[in-house]
Amino acid sequence: MNNNLDINQLRRKCKILQIDLNLDKKGSGLELSSKLKVNQNSLNMALSGYRNGKSSYRILEILYNYLLSEKRRNNEISKAQEI
């Protein structure tokens, strides 16, 4: 992850990826927090902007990396189905 991103840019990138992957619906926070092994409340506070500390930045980094890998995996699956 690029350390030059501020927390608001990182939060925005996470939200965009969540929407792209259809993980912005009710209940997806619980699903994501269990997959990432982070506290659901901490994840929600980091995503909402309620908390802006180092721990929230780290949670957003973990989330961003997970969502990016899921998006890449989905793209690979889509390409394989076209063949």
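Structure shown above.
About the thresholds
Residues numbered from 1 in each chain as written. Predicted model: local features only at pLDDT ≥ 70, side-chain atom pairs only at ≥ 80, totals over all residues. Heavy atoms only, no water. Salt bridge = Lys/Arg side-chain N within 4 Å of Asp/Glu carboxyl O. Helix = DSSP H or I, 4+ residues; strand = E, 2+ residues; numbered from the N terminus. Buried < 20%, exposed > 50% of the residue type's maximum accessible area, 1.4 Å probe, protein only.

Here we take up the pattern of salt bridges. Scanning all chains against the criterion turns up five salt bridges. The partner of lysine 71 in a salt bridge is aspartate 20, and the shortest N-O contact between them spans 2.9 Å. Of the two residues, lysine 71 is situated in helix H4 (residues 54–82) and aspartate 20 in helix H1 (residues 7–20); the sequence distance between them amounts to 51 residues. You can call lysine 71 partly exposed: its relative accessible area is 28%. Residue aspartate 24 pairs with lysine 25 through a salt bridge whose shortest N-O separation is 3.7 Å. A relative accessible area of 48% means that lysine 25 is categorised as partly exposed.

Time to look at unusual backbone geometry. Negative phi values dominate among residues other than glycine, just as trans dominates among peptide bonds. In this structure, asparagine 22 takes a positive phi of about 60 degrees despite not being glycine. In this fold, asparagine 22 is placed in the loop between H1 and helix H2 (28–36). You will see that lysine 37, though not glycine, has its phi angle at about 60 degrees, which is positive. Take lysine 37: it is sitting in the loop between H2 and helix H3 (40–48).

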